[in-house]
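Listed here are the chains, written in short residue letters.
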There are 2 protein chains.
Amino acid sequence: MANCIFCKIASGETPANVLYEDDAILAFADINPQSPEHILVIPRKHVENAAALSAEDVNLVGSMVAAANKLAEDRGIAADGYRLVFNVGRHGGQAVDHLHLHLLGGRQLGWPPG
Amino acid sequence: MANCIFCKIASGETPANVLYEDDAILAFADINPQSPEHILVIPRKHVENAAALSAEDVNLVGSMVAAANKLAEDRGIAADGYRLVFNVGRHGGQAVDHLHLHLLGGRQLGWPPG
């Protein structure tokens, strides 16, 4: 998508603090972190959000969660725990229309989750 | 798991307000809702949390998100949007040690997500 900031990060056109990448997935630090560790995990493929996942693409979610788990280990937050969040649309607070998983940790997360 | 409340719900031993089920997945209303719609989506198989997913099981996450998307449509919250949350361990606020996805909607969710 020509005007999608996350597509530009995935292609390398826009710089980001990339913490993980493979053929399908990319992860980078959130520029407005809400916890000591706050990382976004995205698919390289442009999908608008979790609600827009086709049957063909839905297993991207498993790859994204696996990447988040690996990052939590790498960043030293796995033992204490963390939260994974997908925002969908306005009520969800989705800020960028390219599927992304928030990984938050390094502090106690409260309840409700927003 | 003999003493797991979500395994007991999945087997029918413990009653719950079941809103969706198939061979692999079950969904029911959270008994302590944090939004007008607050539904838990679980795999029937006992997995401790998202961090404990094996490579073999990780695609359960895709099935869980697909079920959550269907529920959001069925419950009339899809158009306005919603939030999907996995809690892992203490910092994540995980309350039951059986993998579950929180689907929250029906109001504006705030930021940060806890």
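Residues numbered from 1 in each chain as written. Chains lettered and ligands numbered in written order. Predicted model: local features only at pLDDT ≥ 70, side-chain atom pairs only at ≥ 80, totals over all residues. Heavy atoms only, no water.

Undergrad: Is there a simple way to explain the overall build of chain A in this structure?
TA: Helix and strand counts for chain A come out as 3 helices and 5 strands. Reading chain A from its N end, one meets helices and strands in the order α-β-β-β-α-β-α-β. Radius of gyration (C-alpha) of chain A: 13 Å, near the 13 Å computed for a compact globule of 114 residues. Once the C-alpha set of chain A is aligned to its principal axes, its extents read approximately 35 × 30 × 25 Å. Within chain A, the fraction of its 114 residues that count as buried is 53%. If you take every contact in chain A between residues at least 6 apart in sequence, the share linking residues at least 24 apart comes to 54%. (Helix = DSSP H or I, 4+ residues; strand = E, 2+ residues; numbered from the N terminus. Rg over C-alpha atoms; globule rule 2.2 N^0.38 Å. Buried < 20%, exposed > 50% of the residue type's maximum accessible area, 1.4 Å probe, protein only. Contact = heavy atoms within 4.5 Å.)

Undergrad: Help me understand helix α2 (residues 60-74) of chain A in this model?
TA: For an α-helix, the turn length of 3.6 residues means that residues three or four places apart are oriented alike. All names here are of chain A. Across its 15 residues, α2 extends 21 Å between first and last C-alpha, which sits within 8% of the 21 Å expected from 1.5 Å per residue. Among all positions in α2, only L60, V61, G62, M64, V65, A67, A68, N69, L71 and A72 are buried. Following α2 by one or two positions, G76 adopts a phi angle in the positive range, close to 80 degrees. (Expected span 1.5 Å × (residues − 1).)

Undergrad: For this particular structure, what's the right way to read the interface of chain A and chain B?
TA: By convention, interface size is frequently given as the accessible area that disappears when the constituent parts associate. Contact with chain A, which involves 37 residues of that partner, is made by 37 residues of chain B. Buried area between chain A and chain B, summed over both chains or domains, comes out near 3300 Å², and the portion from carbon and sulfur atoms is 55%. One can count 2 salt bridges joining chain A with chain B. Across the salt bridge formed by D80(A) and R90(B), the nearest N and O atoms sit 3.0 Å from each other. The tally of links between chain A and chain B comes to 26 residue pairs in polar contact (both at pLDDT 80 or more). Breaking the side of chain A that touches chain B down by element, the ones donating at least two residues are α2, β4 (82-88), α3 (89-92) and β5 (101-105) of chain A. Per-element tally for the side of chain A that touches chain B: the top contributor is β4(A), with 7 residues. Residue composition of the side of chain A that touches chain B, by class: 17 nonpolar, 16 polar and 4 charged. (Buried area = accessible area lost by both parts, 1.4 Å probe. Salt bridge = Lys/Arg side-chain N within 4 Å of Asp/Glu carboxyl O. Polar contact = N/O pair within 3.5 Å; in protein donor to acceptor, adjacent residues only side chain to side chain. Nonpolar A, V, L, I, M, F, W, Y, C, P; charged D, E, K, R; others polar.)

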